[in-house]
Structures are given as structure tokens and as C-alpha cells.
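Single-letter residue listing:
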Amino acid sequence: MDYRQILKDGLWNQNVVFSQMLGMCPTMAVTTSGTNGLGMGLATTAVLVCANMIISALRNFVSPQVRIPVYIVLIATLVTVVDMALNAWMHDLYRVLGLFIALIVVNCAVLGRAEAFASRHGVLASVLDGLGMGLGFTLALTLIGLIRELIGAGTLFSQASLLLGANFAFLETTVLPNYGGVLMMILPPAGFLVLGLLLAAKQHYERRASSSAAIGQPAEAAACH
Amino acid sequence: MSTLALWREKLSYQPLSLGIIAMLTSGALALSNQLTHDGIRQAEQRDLQASLVQVLPEGFADNELLKDTMEIAGGDGKAVTLYRSRQAGKVNGAVFQVSGRGYAGDVVVIIGIDARGTLLGARVIKHQETPGLGDKIELAKTKWIRGFEGQSLTSPPAEKWAVKKDGGVFDQFAGATITPRAVVKAVKSGLEFFAAHRQEILEGK
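As a convention, each chain's residues are numbered from 1 in the sequence order in which they are written. Labels are handed out in written order, letters beginning with A for the chains and numbers beginning with 1 for the ligands. Residue-level local features of this predicted model are given only where pLDDT is at least 70; pairs of side-chain atoms are given and counted only at 80 or more, and the full residue set underlies all totals for whole chains, interfaces and linings. Only hydrogens and water are set aside; all other atoms, that is, all heavy atoms of the structure, feed into the side-chain values.

Description of the interface of chain A and chain B
Item 1. Taken together, the contact between chain A and chain B spans 25 residues of the former and 25 residues of the latter.
Item 2. A quick way to say it: buried area is the sum, across both parts, of accessible area lost when two parts are put together, with a 1.4 Å probe. Each partner contributes to the roughly 2,000 Å² buried at the junction of chain A and chain B, and carbon and sulfur atoms together form 71% of this total.
Item 3. Between Lys or Arg on one side and Asp or Glu on the other, a salt bridge is scored when a side-chain nitrogen of the former is within 4 Å of a carboxyl oxygen of the latter. In this structure, the connection of chain A to chain B is made through zero salt bridges.
Item 4. Each helix is a run of H or I in the DSSP string that is no shorter than four residues. Each strand is a run of E no shorter than two, and both are numbered from the N terminus. Breaking the side of chain A that touches chain B down by element, the ones donating at least two residues are helix H4 (67-89), helix H5 (91-101) and helix H9 (183-186) of chain A.
Item 5. Among the elements that take part in the side of chain A that touches chain B, H4 of chain A stands out by supplying 12 residues, more than any other. Two residues qualify as a contact provided that any one of their heavy atoms is within 4.5 Å of a heavy atom in the partner residue.

Here is the structure:
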């Protein structure tokens, strides 16, 4: 198993958002600012790593016939535990992320990785896959969030100190002071717009790279929502 | 591993394995609920305390509001929890939640009222209004909500308790009338509720 390849697949080649087109619900809903995207991405990464680890460890005991209900129960439990722990011990962070945590249960990407990767590979490889996929998801959400925030409100990473602590206050930048803002960029349609443009950009880049190196495109997985 | 593979094919293995997983996860949930229960309660109390003191002037109360509660049945039959503020043992005001139907779901407002029925402060604590249009009711966005401070049922008179578009005295926002209308209505209903139960609140146990 090539561990570097697993990480690279997660971050770029099979990026959850840009290649697999999974997890569209949180992608559209929370990317109104860079901070929100980052927070959702990191929370999802934590769940992905834990879910992959547990499911990979149980892969020989779970029979194919009941695997889907088992995965769903495990993922839902994990998310609920994370939700309660954040609420109790990191309450300030919970106030920022609270609404999004429960959304992770319905993120197809988590179930998708359990089914496609963790149920067939060892624990270490699965943890790395969860990490790579999660960070790729974080990257995509933060990028979309930053673009929407910049055009929509003229700021970058506003309220980052609420999410990451006071030490990260330097991330909060106002790029365009006294900027009226473009409301549409904060509203849902712009989520589709920005994602579409980024997808086109990635396709364009890969096509150029593959025509020069003559390597085929990675297979696209089917979207589930 | 081959014995396990044989077992896995049996019909009884499916419900049994599913049942064991369900039991284990239930156990994990019960355990983490136990562990986090106190922490969550404390955090929620801190949140509540923080929102209560927002709508009262500094030093207005010398008691612990969270420990001085009473419940009165509201107009829709649901009990309203009031947090009473005291100065030297005497009730001098109350804080409670009111809500109004906004553009997208309920807008929940917490209001503080002094013993004479004058509004000390109001804050929107929960809403799902459109970002950029309806969210100007938040103090973080505009100072609009502070316009309620010092108002009462007689000033402005009851028929002027509406947004300007409806002939009242409160501003609406460009592009969003329903949201401020909901807040004005909620605050007014809170003042009326206080007036109707004033005796009970000031002297009741």
C-alpha cells in the first residue's frame, strides 16, 4: 500500500468535492465564509478518521448483508458523541459549529469512504485515507468559502478567532473596507456558481496536464447527493 | 479466519451482529451522555446568564437571576419562564423570552422590563432570517434593536407599536419588512404579557 498515494488521492486526485462530488449538502450550506468552511472541514475530518478506523477494525466481523446499517449506526453514534463532547468542553467552538456537526451524519462522503475504502483496507491505511479525504474536503470548503466571502462581504476568515482561538486573530482580514457586499454570493445560488467555476478550472488544469504527460483522468465516482 | 467466514454466511449471524453493534453503540452513547451531561448543563446556564444580563443595565440586579424564576401560563397556553431581578430583595424587573413569526421560522427575542413596564433592553437570540436582509435585527449587524430601549406600552401609544410602513414608529429595513414586523410584534406582546401579570410577577412567590 502506497501511503503517499492515499494522501494524494484524498487531497487532489479523488477530492471529495471536486472529483467525487460527494457531500454537496454541507458544501453548499456552510461555505458562506472561509471560517465556516474550515470549521466544517475539520470537524468532518475528525469524524472521517475515527469512522474509517473503527470500520476498518471491524471489517472482518461485519458481513456484507448488514454492512450498511452497521456503518450508519457507527457513524451516527460517532457524530453524536463529537457533538456532545464539543458542547460540553469546547462550548465557544460549539456555538460556531453547532449547527453543522449534526449535518456530518448525512455527509455521503463519510459513508462513501467506509464502503469504498475502510471496509477493504487495513487500519493504518484507512486512517490515512480518512485524513487525506478529510483534509481534501477541508481544502475545498475553505477555498469555496473564501471566494464567496471575499466577493460577498469583502473580508477573509472573519471570526476565525472564535473558531481557532485568539492566537489566530491575525487571519481575519478586511480586504475591501467600506465594501457594500454582494448579497448573492452569501446566498445559496453562489455556492453552485463558485463550485461550478472551480470544477471547470480543475478540469481544465488536469486536461492540460494529461495532454502533456499522456496520463488518463482518474475515474469519477457517481454523485449521491 | 475461515471459521469466522463460515459463521458470517449463516442467517442468524446477521441479526446477532447487528444487535451487538447496536448494543455497543447505545452503551457508548449512554456513557458519553453521562460524561457530558453536567458540562453541557453548565455551558447552557452560562449562555443563558450571558443573554440575561445583556438586556438589563449594569448593576440593575443584585440577585442571581437564574435562581429566581417563576412560570406563568402565556396566551397560547405554554408556560413562560420569567427571571426576576431584585434590588435589596424587592422585585424591580423581569427578563423573559418572546417570539414572533418571521420570514423563515420563529424569531426569538429576550426582553428585560422594569417594574413600571418600561423596556430595559431587547436582543434577538435566535432566528433564521435571510443573511444580509433580515439579520439586521442582530446587534452584531446594526443597532436597530436598541431602538426599543426605554419604550413602553404608553410611549409610543399602543397603536404606534408597528413598523413605519404599517403606520408605526419603528424603522423597517429596505427589502425586509416581515422580519422587523415580527420583532416589534413579539416585543409588544411581551410588554402586554408583563402588564397583564404585573401584580403576580412583582409580588408572587
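Concerning the environment of Thr32 of chain A
All names here are of chain A.
Item 1. Looking at the element boundaries, Thr32 is found in the loop between helix H2 (24-30) and helix H3 (34-57).
Item 2. For Thr32 and Gly145, which are 113 residues apart along the polypeptide, the C-alpha to C-alpha distance reads 5.3 Å.
Item 3. Among all residues touching Thr32, those that are not within four sequence positions of it are Gly145, Arg148, Glu149 and Ile186.
Item 4. We define a polar contact as two N or O atoms separated by no more than 3.5 Å, with the added condition that, inside protein, one atom must be a possible hydrogen donor and the other a possible acceptor, whereas residues neighbouring each other in sequence contribute only through side-chain atom pairs. Here the side chain of Thr32 touches Asn36 through a polar contact of 3.3 Å, side chain to side chain.

A short note on the packing of aromatic side chains
Item 1. Any two of the Phe, Tyr and Trp rings considered here, Trp counted by its six-membered ring, make a pair once their centres fall within 6.5 Å; the pair's planes then place it as stacked at under 30 degrees, edge-to-face at over 60, or tilted in between. Counting across every chain of the model gives eight aromatic pairs over all chains.
Item 2. Ring centres 6.2 Å apart and planes at 25° place the aromatic pair Phe168 of chain A and Phe170 of chain A in the stacked group.
Item 3. Residue Phe168 of chain A is classed as partly exposed on the basis of its relative accessible area, which comes to 34%.
Item 4. Judged by centre distance (6.1 Å) and plane angle (15°), the ring pair of Phe148 of chain B and Trp161 of chain B falls under stacked. Here Trp161 of chain B lies in the loop between strand S5 (119-126) and helix H3 (178-196) and Phe148 of chain B lies in the loop between S5 and H3, a separation of 13 residues in the sequence.
Item 5. Under the scheme applied here, a residue whose accessible area is under 20% of the maximum for its type counts as buried, over 50% as exposed, and between as partly exposed, the area being computed with a 1.4 Å probe on protein chains only. Take Trp161 of chain B: its relative accessible area is 5%, and that puts it in the buried class.
Item 6. In textbook terms, an aromatic cluster arises when at least three aromatic residues are bridged by ring pairs, as seen for Trp144, Phe148, Trp161, Phe170 and Phe173 of chain B.
Item 7. Lysine and arginine charges are scored as sitting over a ring when NZ or CZ, respectively, is within 6 Å of the ring centre and within 35 degrees of the ring normal. Stacked on the ring of Trp12 of chain A, the Lys or Arg Lys202 of chain A has its end atom at 4.7 Å from the ring centre.
Item 8. For Lys10 of chain B, the ring lying beneath its charged end belongs to Trp7 of chain B, and the centroid distance is 4.9 Å.

Examining the packing of helix H6 (residues 108-118) of chain A against helix H7 (residues 123-153) of chain A
Residue and element names in this part refer to chain A.
Item 1. Throughout, an axis means a line fitted to C-alpha atoms (over the contacting stretch in the case of helices), and angles, computed between N-to-C directions, take values from 0 to 180 degrees. Their axes nearest at 11 Å, the elements H6 and H7 cross at an angle of 140°. Compared by their axis directions, H6 and H7 come out oblique. As for the relative orientation of H6 and H7, their crossing is right-handed in sense. Contacts between H6 and H7 involve Arg113, Phe117 and Ala118 from the former and Ala125, Ser126, Asp129 and Met133 from the latter. When describing relative orientation, an angle under 35 degrees is termed roughly parallel and one over 145 degrees roughly antiparallel, while 65 to 115 degrees is termed roughly perpendicular and anything else oblique. Helix crossings fall into two classes, left-handed where the near helix is turned counterclockwise from the far one by less than a right angle and right-handed where it is turned clockwise.

Quick notes on the sheet that holds strand S4 (residues 106-114) of chain B
Residue and element names in this part refer to chain B.
Item 1. Read across the sheet, five strands follow the order S1-S2-S3-S4-S5 without closing on themselves; strand pairing throughout is antiparallel. On the outer flanks of this sheet lie strand S1 (69-73) and S5, each paired with one strand and no other. Across the sheet, the axes of successive neighbouring strands diverge by a mean angle of 30°, strand direction being ignored.
Item 2. Relative to strand S2 (residues 79-87), S1 runs antiparallel, the two sharing five bridges. Pairing between two strands is assigned when DSSP locates at least 2 bridges connecting them.

Quick look at a nonpolar patch on the surface
Residues and elements named next belong to chain A.
Item 1. A cluster of nonpolar residues, Leu150, Ile151, Val175, Leu176, Tyr179, Val182, Met184, Leu193 and Leu197, forms a patch on the protein surface that exposes about 720 Å² of accessible area.
Item 2. Secondary-structure elements contributing two or more residues to the nonpolar patch are H7 and helix H10 (188-213).
Item 3. One can find Leu150 in helix H7.
Item 4. Judged by relative accessible area, which is 32%, Leu150 ranks as partly exposed. Patches were defined on residues exceeding 30% relative accessible area and lacking a salt bridge, with like-charge contacts within 9 Å and nonpolar side-chain contacts (Val, Leu, Ile, Met, Phe, Trp, Tyr) within 5 Å. With residues, only the protein chains shown are counted as cover, and all accessible areas are computed by Shrake-Rupley using a 1.4 Å probe.

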